[in-house]
Amino acid sequence: MESHFYYRDEDLFVHHTLDKHPTPDSFPMHAHERMEIFYFLSGCGAYLIEGTQYDLCAGDVLIMRHAEAHKLLIRPDEPYDRIAIPVSYTHLTLPTIRL
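Let me sum up the structure you'll find in this document. Computed from a predicted model, the values in this text were never measured in an experiment.

A word on the pairing of strand β5 (residues 52-56)
Strand direction decides the pairing type here: strand β4 (residues 45-49) and β5, joined by five bridges, are antiparallel. Note on β5: the bridge partner recorded for Ile-49 is Thr-52. Between β4 and β5, which pair antiparallel one after the other, the connecting turn spans two residues, and Glu-50 there sits at a positive phi close to 50 degrees.

Written as structure tokens, this is what we have:
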């Protein structure tokens with residue numbers, strides 16, 4: 001696995017990662033405390049999210065809610081390239097505007 005870009009601070013975590021020869025067993029079913037924005041750059045596979053399978057094509061974007069169980073179903077014969085951004089719901093809250 002190659003990390004092309006990685007940024008983390010107290011509010012934001014972003015990573016761009018490439019697996020030239022992905023191993024399907026390396027991607028178990030899991031969930032996150034934050035929602036996740038997932039940008040699929042290349043590869044061949046699908047995401048299993050809460051029991052529903054979604055086929056992936058280059059350029060697809062998935063948005064998964066926090067605590068939503070998901071698992072990557074990836075073919076090992078093609079590079080798997082992606083960008084993932086976990087997002088806290090507190091960052092999505094709009095400020096209150098008082099008139």
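Some words on the nonpolar core
Nonpolar side chains in soluble globular proteins tend to be buried together. If you look at the biggest cluster of nonpolar residues, it comprises eleven residues: Phe-27, Phe-38, Phe-40, Tyr-47, Ile-49, Leu-56, Leu-62, Met-64, Leu-72, Ile-74 and Tyr-80. Elements with a minimum of two residues in this core: β3 (35-42), β4, β6 (61-64) and β7 (70-74). The contacts of Tyr-80, once residues within four sequence positions are left out, are Thr-17, Leu-18, Asp-19, Pro-22, Phe-27, Phe-38, Phe-40, Ser-42, Gly-43, Tyr-47, Leu-72 and Ile-74.

Description of the layout of surface pockets
In this structure, the largest pocket spans a volume of roughly 340 Å³. For the largest pocket, the lining is made up of 20 residues, of which His-15, Phe-27, His-30, Glu-36 and Arg-82 are closest to its centre. Of all elements in the fold, only β2 (13-19), β3 and β8 (80-87) reach the threshold of two or more residues within the lining of the largest pocket. Residue contributions to the lining of the largest pocket peak at four residues, all from β8.

Things to note about the pattern of salt bridges
Under the criterion given, the structure shown has four salt bridges. Between Asp-19 and Arg-82 there is a salt bridge whose closest N-O contact spans 2.6 Å. Residue Asp-19 is found in strand β2, and its partner Arg-82 is found in strand β8; the two are separated by 63 residues along the sequence. Arg-65 is paired through a salt bridge with Glu-68; the nearest N and O atoms lie 2.8 Å apart.

Things to note about the packing of aromatic side chains
This model, assessed by the stated rule, comprises five aromatic pairs. Judged by centre distance (5.0 Å) and plane angle (80 degrees), the rings of Phe-38 and Tyr-47 are edge-to-face. Note on accessibility: Phe-38 and Tyr-47 belong to one class, buried. With a centroid separation of 6.0 Å and 35 degrees between ring planes, the pair formed by Phe-40 and Tyr-80 is classed as tilted. Placement of Phe-40 in strand β3 and of Tyr-80 in strand β8 is noted, with a sequence separation of 40 residues between them. For the pair shown, Phe-40 and Tyr-80 are each scored as buried. Cluster of aromatic residues (ring-pair linked, three or more members): Phe-27, Phe-38, Phe-40, Tyr-47 and Tyr-80. Above the plane of the ring of Phe-13 lies Arg-8, whose end atom (NZ or CZ) is 4.3 Å from the centre.

Rules used in this analysis
- Along each chain, the written sequence defines residue order, and numbers are assigned to residues from 1.
- Predicted model: local features are reported for residues with pLDDT of at least 70 only, side-chain atom pairs are reported and counted for 80 or more only, and whole-chain, interface and lining totals are derived from all residues.
- Remark: hydrogens and water are excluded; side-chain values derive from all non-hydrogen atoms of the structure.
- Strand pairing requires that DSSP identify at least two bridges connecting the strands.
- Put simply, DSSP marks the helices as runs of H or I at least four residues long and the strands as runs of E at least two long, and each gets a number from the N terminus on.
- Residues belong to a common nonpolar core when they are buried Ala, Val, Leu, Ile, Met, Phe, Trp, Tyr or Cys residues joined through side-chain atoms within 4.5 Å.
- The classification of residues rests on relative accessible area computed with a 1.4 Å probe and restricted to protein chains. Under 20% of the type maximum is buried, over 50% is exposed, and intermediate values are partly exposed.
- Contacts between residues were defined by any pair of non-hydrogen atoms, one from each residue, lying within 4.5 Å.
- Put plainly, a pocket is an open set of points on a 1 Å grid over the protein atoms alone with protein on both sides within 12 Å along at least five of seven lines, a cavity is a set where a 1.4 Å probe fits but cannot get out, and a lining residue has an atom within 4 Å of a point.
- Grid points are joined across faces, edges and corners, and a volume is the space filled by probe spheres set on the points.
- Salt bridge, as used here, is a side-chain nitrogen of Lys or Arg placed within 4 Å of a carboxyl oxygen of Asp or Glu.
- Ring pairs shown here join Phe, Tyr and Trp side chains whose ring centres sit within 6.5 Å, with only the six-membered ring taken for Trp; geometry is labelled stacked below 30 degrees between planes, edge-to-face above 60, and tilted in between.
- Cation placement over rings: the criterion is NZ of Lys or CZ of Arg within 6 Å of the ring centroid and within 35° of the ring normal.

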